[in-house]
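Each chain is listed here by its residues.
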Amino acid sequence: MDSAPAAWRSTPARMLGGSALGAVTWPADLLLSAVALTAPAAPSGPVSTLVAWHRRRTSRFLGWVDDGAPLTSARAAGYLFARAGVGVLGTLVLGLLAYGLFAVVAGLASWLFDVRFTVVDPDGAEGLTTGALLAMVPLGAVLLYLDLMGLAGVGVLDRAAAARWLAPSRSERLAAQVESLTVSRAELLAALDAERGRIERDLHDGVQQRAVAVGLLVDRARRAVAASGGTVPGTGTAGARLLEQAAREVELLVSDLREVAWRVRPTTLDTHGLEPVLRQLVERAAVPTVLEWAVAAEPSGLDSSGIPAEPARLPGGVEATVYYVVAEALTNVARHSGARTARVGVALVDPGTTGGNGDDAVVRVVVCDDGVGGARPQAGHGLAGLAGRVAAAGGTLTVDSPAGGPTRIEVTLPCA
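(A) Seen up close, the overall build of the chain. A count of helices and strands for the chain gives twelve helices and five strands. Restricting the contact set of the chain to residue pairs at least 6 apart, pairs at least 24 apart contribute 69%. As displayed, the chain offers around 23,500 Å² of accessible surface, 64% of which is attributable to carbon and sulfur atoms.

(B) Fine view of the layout of surface pockets. A volume near 570 Å³ is recorded for the largest pocket. Forming the boundary of the largest pocket are 18 residues, of which Gly 100, Ala 103, Val 104, Met 136 and Gly 140 lie nearest the centre. Elements that contribute at least two residues to the lining of the largest pocket include exactly helix H5 (73-113) and helix H6 (130-165). Partitioning the lining of the largest pocket into residue classes produces 14 nonpolar, three polar and one charged.

(C) Spotlight on helix H3 (residues 26-37). End to end, H3 covers 17 Å across twelve residues, agreeing with the expected 16 Å (1.5 Å per residue, within 8%). Taken together, the buried positions of H3 are occupied by Asp 29, Leu 32, Ser 33 and Ala 36. Summarising the axial view, the buried residues of H3 lie within an arc of 115 degrees, below the 170-degree limit, and thus occupy one face.

(D) Layout of the environment of Gly 140. Tracing the chain through its elements places Gly 140 in helix H6. Using a relative accessible area of 32% as the deciding quantity, one classes Gly 140 as partly exposed. Note: C-alpha distance between Gly 140 and Gly 100 (40 residues apart in sequence) is 7.7 Å.

(E) How the structure looks around the environment of Val 207. Along the chain, Val 207 turns up in helix H7 (residues 170-229). For Val 207, a relative accessible area of 42% translates into the label partly exposed. Once the C-alpha coordinates of Val 207 and Val 254 are considered, the two residues, 47 residues apart in sequence, prove to be 9.0 Å apart.

(F) Just helix H10 (residues 274-284), in detail. Within H10, the full set of buried residues consists of Leu 274, Val 277, Leu 278, Leu 281 and Val 282. Projected down its long axis, H10 shows its buried positions confined to an angular sector of 135 degrees, all on one face.

Rules of the game
- Residues numbered from 1 in each chain as written.
- Predicted model: local features only at pLDDT ≥ 70, side-chain atom pairs only at ≥ 80, totals over all residues.
- Heavy atoms only, no water.
- Helix = DSSP H or I, 4+ residues; strand = E, 2+ residues; numbered from the N terminus.
- Contact = heavy atoms within 4.5 Å.
- Areas by Shrake-Rupley, 256 points an atom, 1.4 Å probe, with all protein chains shown as cover.
- 1 Å grid on protein atoms, 1.4 Å probe; cavity = no way out; pocket = protein on both sides within 12 Å on 5 of 7 lines; lining within 4 Å.
- Points joined across faces, edges and corners; volume = space filled by probe spheres on them.
- Nonpolar A, V, L, I, M, F, W, Y, C, P; charged D, E, K, R; others polar.
- Expected span 1.5 Å × (residues − 1).
- Buried < 20%, exposed > 50% of the residue type's maximum accessible area, 1.4 Å probe, protein only.
- Arc of directions from axis to C-beta.

Below, the structure written as structure tokens:
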């Protein structure tokens, strides 16, 4: 945060109160800064309490915005030591202000009531005259202005100390931004997958059902025409031939709708898992494709009846991403590669089995073909969009496709 400009958002009265409160604590600041230096990574209770009090004071009276950076002993020691210096300076400024106010009271008392204050005029035998009082007014106004500016400067220094030691560092801010972007990216992918599922349901339960209903109506019309005219559908009147053609088009429409709905998001992905969907995908591929599935599928245990439970599943977001990777890659193979065969390999690599903790397991997807090669992730093309989706899921995509082939696309996705 920018410390200096925001200090002026505080009113003079609040700044005076905040500076005065901070000035009286400098002995405790200096003492506990030494205590914090000898403490481990976590500061002690009194140190944490004093720093928390300063955070509230600086936020309330001096307009500082507390980002809630975690407090360490090093931060507490540095802040309290800086605060001790600012507190000493604030004490001096407040002392000068108090002395100036006393001088005003003493001067007015001497002028009005002929009361002598030896600290004001120790050698004077008479009270303060009107001329002397008027001569002191401009000097007092200048000194008051300088003293108030000094208080404002103390407030700025107080804020600067808080911003330096209690605000998150640049690396902490960047780490927080990365974490926020990662969460937002995951939420975006989840929302995208949910929207795809909604579109698939709308196609399956809405448009497809209407197309089927139209097909049934066409069939009924064909039968009605055949019954009324005694004509065999397809060989009689022009109307009968048109109905026959309409029936074929409706069949093609229903088939296309089912295919589109399945490509948007196959329903079996949620109900049966990734492997059956990939097997259907390679069976439908235009180029003969082999699936090599190397993801462990041991039962996760027995249910209450002693029957093996369902095999372990990959996380839902990972399964969806792998499906779209394979689908897009096979589409590119069919359209651009000129390949005769292709291969899809999916493997779960768990470094935890070799001494890790298992939390860094990754899914490795490899799509190979024996085509002409030359594939490149270019903006606006399928591979570029695929790379963006993989990156959004926290994974990496590499393409090895020399001229003349073969082409190898490898994707690595974290399972955490």
